Amino acid sequence: MIWHTSGEQQVLKQLQTTPQGLSAAEVERRRAESGTNELKAGKKKTVFGIFLSQFTDFMIWVLIAAAIVSAFASKELVDSLIIGVVVLLNAVLGTLQESKAEAALEALQKMAAPVCRVRRNGEVLKLPAAELVPGDIVLIEAGDAIPADLRLLESNSIKIEESALTGESVPVDKLVGTLETADCALGDRINMAYMGTGVSYGRGEGVVVETGMNTEMGKIATQLATTKKEITPLQKQLNNISNTLSIGVLCIAAVIFGINLLMGNELLNAFMTAVSLAVAAIPEGMVAVVTIVLAMGMSRMAKRGAIIRRLPAVETLGSTQIICSDKTGTLTQNKMTVVRTETADATLLAQVMLHCNDAVTNDSGQLLGDPTETALLDYLLKENTITLPDIRNRKRAGEIPFDSGRKLSTVAITHNDGLRILTKGAPDVLLARCTLNDNERIAAEKLNEAMAAEALRVLAFGYKDVPETDFATVEKQAESQLTYIGLVGMIDPARPEARDAIAVCHSAGIIPVMITGDHKTTAVAIANDLNILGDGRRAITGVDLDALPDDWDVENIGVYARVAPEHKSRIVAAFQKRGKIVAMTGDGVNDAPALKASDIGVGMGITGTDVSKGASDMVLTDDNFATIVSAVREGRRIFDNIHKTVRFLLSSNAGEVLVILAATLLGWMSADTHFLLPIHLLWINLVTDTFPALALGVEPEEDGIMERKPRDSRLPFFDGATWLRVVMVGAVGAALTLSAYLLGGKGPVGTTMAFMTLSLCQLFAAVGLQSERNSIFKMKLRDHKMLILAFIGSAALQVGVALLKPLRNMFHLTALPWKHWLGVLGLCVVMLLFIEFQKLLARRRED
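Residues numbered from 1 in each chain as written. Predicted model: local features only at pLDDT ≥ 70, side-chain atom pairs only at ≥ 80, totals over all residues. Heavy atoms only, no water.

A. Molecular detail of the pattern of salt bridges. Inspection of every chain in the model, using the stated rule, returns 36 salt bridges. A salt bridge links Arg 396 to Glu 399; the shortest N-O distance between them is 3.2 Å. For Arg 396, a relative accessible area of 28% gives the class partly exposed. Note that Arg 420 is salt-bridged to Asp 465, the shortest N-O span being 2.6 Å. Remark: Asp 465 occurs in strand S16 (residues 457-466) and Arg 420 occurs in strand S15 (residues 418-425); sequence separation between them is 45 residues. Classification of Arg 420 by relative accessible area gives buried; the value is 10%. For Asp 465, a relative accessible area of 39% corresponds to the partly exposed category. Connected through shared salt-bridge partners, Glu 26, Arg 29, Arg 30 and Glu 33 make up one network. (Salt bridge = Lys/Arg side-chain N within 4 Å of Asp/Glu carboxyl O. Buried < 20%, exposed > 50% of the residue type's maximum accessible area, 1.4 Å probe, protein only. Helix = DSSP H or I, 4+ residues; strand = E, 2+ residues; numbered from the N terminus.)

Now the structure itself:
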């Protein structure tokens, strides 16, 4: 059927539906027939596919080749078997990690899925767009994303942005009528609305005619993958570090190979040592560990009400210096309550409050809609001025929806033999459109200011009667020559948790900024209550902002009142010119540019439009400012943990490289000396690089994490002092390992002691690095369960190799007397004390 050339009744008949919508049973039948309303995702990786992908690394193939050479050239089947087990365990661990990350990201994607309003069995429901079926009746309004292909049944001044589908640069006016041309272009089908486009103005409803891959968007996006994997700036930095270090390690491995040959060592032994060192020392798992840490951080944030939509946002959060926040619903409770009415005609005022109002009720009598409008109806219901049937039986002869430019909304109802125009909006705008004399206007303005000074949100109301019965003939002049009715004041109290969150911002070096469309005096009253203003910071209006030059002193302004959404982009740009990392909240369609321009765009999950959510990096499920601060705290914790994890991995790898280089130069790497064998290096890499690294990635936040200034995102991941500490820890680890070999007498005992010392020193280092600032002697074990478990588990695996005779023989080790074990323990304690000494020096420099 050609939908745009068919009449509304014909379309409904073809789809076997009615304006009241489908029944639940019919929906299930149709879903089984048509499938879910989703675009086909890219081919999802299977667990087996993820497992195979673990073998794509070049060094893994070198290691496998080395195992084969070892087995057939030197008949060392045990060594080859151990190498095979290490490779297999690495692949299994990599598969588990990647699968967990994929599952976390998939869960987050589902949580962020778009929703829509649907009428079924006469009841309006808010459902995931994926649940739509052909024949569903969908209600749309400004800010909504079109969830499927719709034939419009009702249009109240609807304009739809279709550039994503048609390339049309301006929103298209939509009408309900039937078109005559069957083959007209998509952009000319003005009675249709297509999936992937957005409503920029007006409201209406339509019937779903196509879903999923049968939509126009589906036809041109059959290869569309719904999840785009992103690499964060931090991961890019770490990739560069990893690549540079890999080249360096390969060069060192080549040097060690050459030196061993020159010193008369066997070719195979020299080759295996060089390959094992390269595999163990190259930090190929570093970026993978960081990805897991980021994904787990995203999951924790989601549980706390902050859904991260883009991976780079996780690390950027930790550097946030400015939080620009809407007031209503974010800093306040979004529970508006009418507390004051000023009118000479309560009946007329109630009529406007009732009819010039888009709030509705569900079957249980709960009010649904904009908080301001639900407050008006709630007030009328509590005053027994109206009843629930009055709300449900409202009928309009026409309307002009609210927009941020006019700051008014207007409806028309039939009255006597004509129309009654009912308007509400911002007092300063509406009063200018009323027929008041100078004294009346001054009195109304003073009353408005007095109410606003009490932190009340004030709405003005007006009306006029016209003889015309067709609203289209008077629409252009509907909001002029109005009769003033009165003012209504309401309050949206501050969230108690927002006050605490603002205090945390101050201590954390984060500047909170309120941006609101409310009157300046109202905004200042709430800001003072929350302690946003202070230290000479002041409040200005959107008009004041328009008059300021581009280089205004943005950091001295704490409140922007009476602003339009486009002002937000200018505020973001002003902060960014000063090198600040800015988080910006938004919920409206026009907020999208500012959300995209900011470093962290924060969409509102409850009141936000689909367009604003789509433009955001993070969506708040509770619309709560405190959740943003909580996410910043988590972002700082994640960065700290990644920093200490990478430092641990690089320190461990540095120790392995330095000890083998030193042993080679000392002539200890020949088959006769039995210093460290290739399988020892591979085993250490497996035991120490996996569990402790992941455990460090989930460490609890450090004390005072929100009492220090935000990290400058322009700084390198590691500064020179940190690189020095990494090399020094590696050097100490190498020196302790060489000492253990000497203490054991250079024979099998020395090899066993060196093997144990190199591995266990790295585990002790992991415990020492649980904090880069605080002493381990202040560590509370119950707060570090994962690290303790990783330490015990890895240590048990390592010590078990020396204690269990079959494993001991496989690794060419010997049993150690208890005094030698004490020697190993003592050397490991030296490593821990050295890291403590480093932290002590760092604390003194900070003080």
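Back to the text.
B. Looking closely at the sheet that holds strand S8 (residues 306-308). Read from one edge of the open sheet, 8 strands run S8-S23-S22-S21-S9-S18-S20-S19, paired in mixed fashion. This sheet does not close on itself; its edge strands, each paired only once, are S8 and strand S19 (538-541). In this sheet, adjacent strand axes meet at a mean angle of 20° when their direction is disregarded. One ladder, built from 3 bridges, connects S8 with strand S23 (residues 618-620); its direction is antiparallel. Within S23, the residue paired with Ile 308 across the bridge is Met 618. (Pairing = 2+ DSSP bridges. Axes fitted to C-alpha atoms, helices over the stretch in contact; angles between N-to-C directions.)

C. Looking closely at the nonpolar core. Ranked by internal contacts, the top residues of the largest apolar core, which has 116 residues, are Ile 323, Met 618, Phe 625, Ile 642, Phe 675 and Phe 755. Looking at this core, the element that brings in the most residues is helix H23 (residues 625-665), giving 16 residues. In this structure Ile 323 touches Cys 505, Ile 510, Ile 511, Pro 512, Val 513, Ala 583, Phe 625, Ile 628, Val 629 and Val 632, once residues within four positions along its chain are discounted. Counting 26 residues, the second largest nonpolar core, distinct from the first, contains Met 336, Leu 354, Ile 386 and Ile 485. (Core = buried A, V, L, I, M, F, W, Y, C linked by side-chain atoms within 4.5 Å. Contact = heavy atoms within 4.5 Å.)

These values are about where atoms sit, not about what they do.
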